[in-house]
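# Per-entry structural report
What follows is each chain in one-letter form.
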Amino acid sequence: MSTTSRREFLITGAASVALSAAIFKSVQGWLGEARQYVGRGLRRPLSGPLTPPPAGELDPVAHALNRLTFGPGPGDYARVAALGVDAFLEEQLAPEKIADGLCDRATARFAEAWWEPLGEAYEEDDEALTPVLRRVALLRATYSQRQLFEVMCEFWSDHFNIDPGKGDCRYNKIADDRDTIRAHALGDFRAMLRASALSPAMLWYLDGRANVQRTPEEKPNENYARELMELHTLGVHGGYAQQDVMEVARCLTGWTILAKKDDGFSGDLLSPLKDRGKVVFRPEAHDDGAKRVLGQDIPAGGGAGDLDRVIEIVAVHPSTAHFIATKLCARFIADDAPAVAVAAVAQSFSASGGDIKATLRTLFGTPQFRGAAGAKLKRPFHFVVSALRATNAEVADERPLLSYLDKMGHTPFRYPTPDGYPQEASHWFGTLLWRWKFAIALAGNRITGTRIAREKLARALGGESALLATVLNRQPAGGESDACKKSGDGLALLLASPAFQCC
Amino acid sequence: MSTTASLSISRDDQRTLVVVFLRGAADGLTLVAPVEDDNYHRFRPRLAVKKNEAVPLDGMFGLHPLLRPLEAAWQEGDLAIIHGAGVEDESRSHFEAQDFMEHGGHAAGGWLARFLRTALPASGGPLGAVALAATLPEMLSGAPSAAAIQSIEEFALGRGVPANFPAELERLYAQERGGGSLAAALRAAAAGTFEGLHRLEAIDVKAAPAHGASYDEKDEFARGLRQIALLIKARLGLHAASIDLGGWDSHFTQQTLIEPLLRRLAAGLAAFRQDLGAAMGTTSVVVMTEFGRRVAENASFGTDHGRGGAMFVLGGGVRGGRVLGGWPGLQPELLDGPGDLPVWNNYRNVLAPVLQRHGAPPDALGKIFPDFALAPLGLY
């Protein structure tokens, strides 16, 4: 994304906010008009080998595509079969080396929204930013070639969930997406954790900004301290006590966000527009006494350094390795994460000091992963995106798609509580009807702003049966082919079928 | 599918239990304020409900003024309140406490699901339970059949579907064999969805609420309650319904945060009660939350996670107009841990008599709430 300041780009010197807003509105309007042009050509060209999977069950290539990506599109199976699963994994673990022109084009009209610096986001219409975040998430998942990276971005967005509906998160979640999630999704867990702790959106969402101790009587706000251990690192049974929550809260007192108006927590650190949202440490609001966290002493006088001590203690804690490994295995292997795989993945997490790539390499190498083909339910977002990818759909307007996800209760960045969307299949069985309705509408080209070229696609793949095998990621079974013929709409039926709900 | 037989259900004694879950830990001391307890005002210098503004209940408590729409139910003896209600789990974690509460202890599946399974005849049918939500809550996890819906009208495959399509889709799911337990669960989920589709086609969704009741159509919670009322009045065999009202996690500027919620809770429940009229005699509404909040307010005009909270039981023949379960008071030495209202009424002791009222035989209660010595409160 562009790191050029929009402010620098548009205006120089001290322009009034009103003028800037007016210019910005006009840019927005222009972008809106431009939209009608950029939708075109957002289809993967159907060149190269398009041979669908030959087997009647999910083979290792199909399995890798099901789990490492948001679902294969036409030609993906042939490409990965030729490349080999291991090489495909290595390719996906180096997203920076993967050209991503289609995705860049798909999201170009929203590039302006990834603000640099953050303060400028506050000039934006607060109703506009969160929808942009959601639309871009859908486009990236659908069009990016860096599929494992996007899958991990979704994983960490749940892990460090922030509902942009709370307070200033509507302005600064977008920076969290950029600086916490996307900056570290395949990087170093400790760095991601620290970025999250100092993310303005997280400081808003879990009230860290209001965690102050200015007088001995004031009680710290425990919200973030608790979730840091319960949800982000150790896990609820990870061996911390109420006392640890209170001690961590004390360690983190004083971190806040530069505000436009002092609402009692930012002190007198008011800021010019460009600095709004900047995270600062207020020594006078910090409890600088000695603390003891998870059995480790943190001496008095640590000041801002207390935060780093806390991150150090929790990020490498054995419970954290186990907790993160369990969540990763639940995402990539089975809801009920197999203990043997969890142990191996946790070991890899610990040994590598929280290196996410090394951890994933271990996970995808376990026999438990290899033996888990087809046994996971796709969550609704995965289901919708995999259907778009399988049909090589062209998306010119994401909003109707997001409204389907609303019905299925799985719109990106709309989960209210800090635990993130659930992973377990049992939470999602109630969504079947909406999946079916989506499948029928997509196959029938009845979703506004989304088109599939059904006949053309079938022709390019070599006929209707090749299309069905591409969609299923394996050859259809006898009963499936038969039902497709009788149903009156074979494509809709397969997208709605039990097999397509699983990965 | 043989839907005609099941659609003819119209037993006048059909009982429905509606569970309203206030997610995020609603502050019981604001919902039902001990306005006559001096300690209350001492702990909450800025946040306490004022004595002269509260809706008086008895010699000790007052409802928050925004809950005034519930005053009639209280005066008519149709609303019982239980204070210091909650779980024995001391984690003060939303997720842990909700999980514990919805599962009914460390048990597989939800308590409401086990109630439906153990206490009801197998003919309960696919509309035995609904959740007005995008996904099923844990309390309904493992129910014989339970559908998550957001509106009755949405519950249809829609126009433009080829004639044979639904039958072929139904057949594909019925024949689903691969993938082990996931296949079985998908098969069951699809069967429940189809059965529900067939039954819901019979409801007149345009029917106006009864008895002059009026729901705020802009409010998702009120809309959900209206849908539940439609299902109850249509007598489709609905045994249980669940609906959430979330957002109560008021660490920060509590009043601003929860006042709209108090308004929605009271208006929604009052409209629902009016709409159902006499059917409230066979309908119980239980309002619960995962835990209450710390007695003392914090520096940011909010309250942190606590223990005991408030529960409501509305309708279903409850002997209301009473705050049940005692009130030891807010003397600092009586408080729990960092200064929380203790839990002296385990939530199971509130639910157990309600479930009995709704047809759970006494010997089923031990299965619904395993590993717990029940001491049911005298609600009836």
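Remember, predicted model here, so these are calculated numbers, not experimental data.

Packed helix pairs are characterised by how far apart their axes lie and by the angle those axes make with each other. Residues and elements named next belong to chain B. Running from amino to carboxyl end, helix H7 (residues 165–174) crosses helix H8 (residues 181–200) at an angle of 150 degrees, the nearest separation of the two axes being 8 Å. Between H7 and H8, the interaxial angle falls into the category roughly antiparallel. For the crossing formed where H7 meets H8, the hand is left-handed. Counted together, Glu 170, Tyr 173 and Ala 174 of H7 and Leu 186, Arg 187, Ala 190 and Phe 194 of H8 form the full contact between these two elements. A breakdown of the residues in the contact of H7 with H8 according to their chemical character gives five nonpolar, no polar and two charged.

Right, let's talk about the interface of chain B and chain A for a bit. In this complex, chain B contributes 48 residues to the contact, which on the side of chain A involves 47 residues. Of all the elements in the fold, those that place two or more residues in the side of chain B that touches chain A are helix H5 (94–103), strand S7 (147–149), H7 and H8 of chain B. Counting residues per element, the side of chain B that touches chain A draws most heavily on H8(B), at seven residues.

Turning our attention to unusual backbone geometry. Residue and element names in this part refer to chain A. Look at Asp 207: it is not a glycine, yet its phi comes out positive at around 65 degrees. Of note, Phe 413 is a non-glycine position whose phi angle comes to about 55 degrees, a positive value. Tracing the backbone through its elements, the reader meets Phe 413 in the loop between helix H20 (399–407) and helix H21 (432–443).

It is common to give the size of an interface as the accessible area that goes away when the parts come together. As assigned here, chain B comprises domain 1 (3–152 + 213–368) and domain 2 (157–200). One C-alpha centre belongs to domain 1 of chain B, the other to domain 2 of chain B; they are set 33 Å apart.

Membership of the largest hydrophobic core comes to 266 residues, with the highest contact counts inside it found for Leu495(A), Val130(B), Val286(B) and Met311(B). Tallying contributions element by element places helix H10 (residues 254–276) of chain B first for this core, with eleven residues. Beyond its immediate chain neighbours, meaning those up to four positions away, Met311(B) contacts Ile82(B), Ala85(B), Val286(B), Val287(B), Met288(B), Tyr347(B) and Val350(B). Counting residues in each nonpolar core, the second largest holds five residues, with Val212(A), Ala285(A), Phe252(B) and Ala299(B) among its members.

Looking now at the domain arrangement of chain A. When cut into domains, chain A gives domain 1 (1–38 + 93–188), domain 2 (318–370) and domain 3 (377–501). One C-alpha centre belongs to domain 2 of chain A, the other to domain 3 of chain A; they are set 29 Å apart.

Looking along a regular strand, one sees the side chains alternate between the two faces of the sheet. All names here are of chain B. For strand S1 (residues 16–23), the tally of buried residues reaches seven of eight residues, placing the bulk of the element in the interior. Of the pairings in the sheet, the one linking S1 to strand S8 (residues 240–246) comprises seven bridges and is parallel in character. Residue pairing in the sheet places Leu 17 in a bridge with Ala 240 of S8.

Bringing the sheet that holds strand S2 (residues 32–33) of chain B into the picture now. If you trace the three strands from one edge of the open sheet to the other, you get S2-S4-S3 (chain B), paired in antiparallel fashion. If you trace the sheet from one side to the other, it starts and ends with S2 and strand S3 (55–56) of chain B, each paired once.

With that settled, consider the pairing of strand S10 (residues 309–315) of chain B. All names here are of chain B. The buried fraction of S10 amounts to seven of the seven residues, a majority that puts the element mostly inside the structure. When strand S5 (residues 79–86) meets S10, the two strands line up antiparallel, connected through five bridges. Its bridge partner being in S10, Ile 81 is matched across the sheet by Phe 312. Where strand S9 (residues 283–289) and S10 come together, four bridges link them in antiparallel fashion. Residue pairing in the sheet places Ser 284 in a bridge with Gly 315 of S10.

All names here are of chain A. Within the element layout of this structure, Thr 107 appears in helix H6 (residues 101–107). Thr 107 sits in the buried class, given 23 other C-beta atoms within 10 Å. Taking the C-alpha atoms as reference points, Thr 107 and Leu 138, 31 residues apart in sequence, are found 9.8 Å from one another. Residues within four places of Thr 107 in sequence aside, it is in contact with Val 136, Leu 139 and Arg 140.

The rules behind the values
Residues numbered from 1 in each chain as written. Chains lettered and ligands numbered in written order. Predicted model: local features only at pLDDT ≥ 70, side-chain atom pairs only at ≥ 80, totals over all residues. Axes fitted to C-alpha atoms, helices over the stretch in contact; angles between N-to-C directions. Helix = DSSP H or I, 4+ residues; strand = E, 2+ residues; numbered from the N terminus. Parallel < 35°, antiparallel > 145°, perpendicular 65-115°, else oblique. Left-handed = near helix turned anticlockwise from the far one by under 90°. Contact = placed C-beta atoms within 7 Å. Nonpolar A, V, L, I, M, F, W, Y, C, P; charged D, E, K, R; others polar. Domains from an automatic or database assignment. Core = buried A, V, L, I, M, F, W, Y, C linked by C-beta atoms within 7 Å. Buried ≥ 20, exposed ≤ 12 C-beta atoms within 10 Å, placed from the backbone. Pairing = 2+ DSSP bridges.

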